[in-house]
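Commentary on secondary and tertiary structure
So the chains spell out like this:
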Amino acid sequence: MEKKISSAVIKRLPRYYRYLSELLDQGIDRISSQELSSQMNVTASQIRQDLNNFGGFGQQGYGYNVEILKSEIGKILGLDRQYQVIILGAGNLGQALANYAGFEKRGFLVSAIFDVDENKIGMTVGNLEVHDMKGLSAFVKENPVDIAALTLPKAKASDVAKSLYAMEVHAFWNFAATDLDLPPDAVVENVHLAESLMRLSYNIAN
């Protein structure tokens, strides 16, 4: 896509997808930008502007076909394909991710989980056995891996990410409380839980 889409628009797309999914579950097959606006607390003008970045999808006097719009936003988000995900770190957070059934519904298939702790290696998390981190390189060579979820201590996260990048894994979902030192073409989504909680604290205090 030649046109540069702002990060603010991209951040809103998953919300649109979620609300459209809920509308379909309710049996609603069409909706106006005004009706969608009242549910999402985003102005109708903003919704139209956001969607016009990708072609609009609405019809004058009709609004949006919910199923078609959801499908088109899914394609924009890359949800029309499947992604193979591995989890690095089998602590509480890693296990919670491995047990979450919602990922597979969206096309994110968790294929393996790794740890260095001998007490965790071999245990079952969801339907996965925890692998020894020593076998990571062999696993990546033998299996497709699109995304690595890092739930490691921050002291280890960057080195593990660098190793994976060298193995041609270039997308990272980073839960470690550190910034990854990776080449510019690496795709990184940072999820800093403590920072999120601090932003919530700020909003309560102010």
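Reading guide: rules and limits
- Residues numbered from 1 in each chain as written.
- Predicted model: local features only at pLDDT ≥ 70, side-chain atom pairs only at ≥ 80, totals over all residues.
- Heavy atoms only, no water.
- Pairing = 2+ DSSP bridges.
- Helix = DSSP H or I, 4+ residues; strand = E, 2+ residues; numbered from the N terminus.
- Contact = heavy atoms within 4.5 Å.
- Axes fitted to C-alpha atoms, helices over the stretch in contact; angles between N-to-C directions.
- Buried < 20%, exposed > 50% of the residue type's maximum accessible area, 1.4 Å probe, protein only.
- Right-handed = clockwise from strand over helix to strand, strands pointing away.
- Left-handed = near helix turned anticlockwise from the far one by under 90°.
- Nonpolar A, V, L, I, M, F, W, Y, C, P; charged D, E, K, R; others polar.
- Salt bridge = Lys/Arg side-chain N within 4 Å of Asp/Glu carboxyl O.
- Parallel < 35°, antiparallel > 145°, perpendicular 65-115°, else oblique.
- Phe/Tyr/Trp six-rings, centres within 6.5 Å; stacked < 30°, edge-to-face > 60°.
- Core = buried A, V, L, I, M, F, W, Y, C linked by side-chain atoms within 4.5 Å.

Some points on the sheet that holds strand E7 (residues 147-150)
Sheets are built from strands that pair by backbone hydrogen bonding, the pairs being arranged parallel or antiparallel. Pairing is mixed across the open sheet formed by seven strands, whose spatial order is E5-E6-E4-E3-E7-E8-E9. In this open sheet, the two edge strands, each paired with only one partner strand, are strand E5 (124-125) and strand E9 (187-190). Bridge count for E7 against strand E8 (residues 171-174) is three bridges, and the pairing is parallel. Within E8, the position partnered with Ala 148 by the bridge is Phe 172. Those strands touched by helix H8 (residues 154-166) are strand E3 (83-88), E7 and E8, and its axis lies near 170° from that of E7.

Some points on the pairing of E7
Residues Ile 147 and Ala 149 of E7 are buried on one face, and the alternating residues Ala 148 and Leu 150, pointing to the opposite face, are buried as well. Running through H8, the crossover from E7 to the neighbouring parallel element E8 is right-handed.

Quick notes on the packing of helix H1 (residues 7-25) against helix H4 (residues 66-76)
Running from N to C, H1 and H4 point in directions that differ by 150°, and their axes come no closer than 9 Å. Classified by chirality, the crossing of H4 by H1 is left-handed. Of the residues in H4, those touching H1 at Leu 13, Tyr 16, Tyr 17, Leu 20, Ser 21, Leu 23 and Leu 24 are Val 66, Glu 67, Leu 69, Lys 70, Ile 73, Gly 74 and Ile 76. Tallied by class, the residues present in the contact of H1 with H4 amount to ten nonpolar, two polar and two charged.

Considering the pattern of salt bridges
Summed over the entire model, instances satisfying the criterion amount to five salt bridges. Between Arg 12 and Asp 50 there is a salt bridge, and its shortest N-O distance comes to 2.7 Å. Taken together, the positions of Arg 12 in helix H1 and Asp 50 in helix H3 (residues 44-52) put the pair 38 residues apart, joining distant regions of the chain. Residue class for Asp 50 comes out buried when judged on its relative accessible area of 1%. Glu 72 is paired through a salt bridge with Lys 75; the nearest N and O atoms lie 3.7 Å apart.

A few points about unusual backbone geometry
Positive phi values are uncommon outside glycine, yet Asn 41 reaches one of about 60°. If you trace the backbone, Asn 41 turns up in the loop between helix H2 (33-40) and H3. For Glu 168, which is not a glycine, the phi torsion comes out positive at approximately 75°. Within the fold, Glu 168 resides in the loop between H8 and E8. Assessed through its relative accessible area of 60%, Glu 168 is described here as exposed.

Description of the packing of H1 against H2
Remark: H1 packs on H2, axes separated minimally by 11 Å, with the N-to-C direction vectors making an angle of 105°. When the interaxial angle is binned, H1 and H2 end up roughly perpendicular. On the side of H1, the interface is formed by Arg 15, Tyr 16, Tyr 19 and Leu 23, while H2 contributes Leu 36, Gln 39 and Met 40. Among the residues forming the contact of H1 with H2, the class breakdown is five nonpolar, one polar and one charged.

What to know about the packing of aromatic side chains
Inspection of every chain in the model, using the stated rule, returns five aromatic pairs. Between the aromatic rings of Phe 114 and Phe 139, the centroid separation amounts to 5.5 Å while the plane-to-plane angle is 75°, which identifies the pairing as edge-to-face. With Phe 114 in strand E4 (residues 108-115) and Phe 139 in helix H7 (residues 136-142), this residue pair connects regions lying 25 residues apart in the sequence. Considered together, Phe 114 and Phe 139 belong to a single accessibility category, that of buried residues. Through pairs of rings, three or more aromatic residues link up here, namely Tyr 100, Phe 103, Trp 173 and Phe 175.

Points about the nonpolar core
With 23 residues, the main nonpolar core has Ile 86, Leu 88, Leu 150, Leu 164 and Phe 172 as its most contacted residues. Breaking this core down by element, the ones donating at least two residues are E3, E4, H7, E7 and H8. Broken down by element, this core gets its largest block of residues, five residues, from H8. Ignoring any residue separated from it by four or fewer positions in sequence, one finds Leu 164 in contact with Ile 86, Leu 88, Leu 136, Val 140, Ala 148, Leu 150, Val 169 and Phe 172. Core analysis: the second largest hydrophobic core is formed by 19 residues, Ile 5, Ile 31, Val 42 and Tyr 64 among them.

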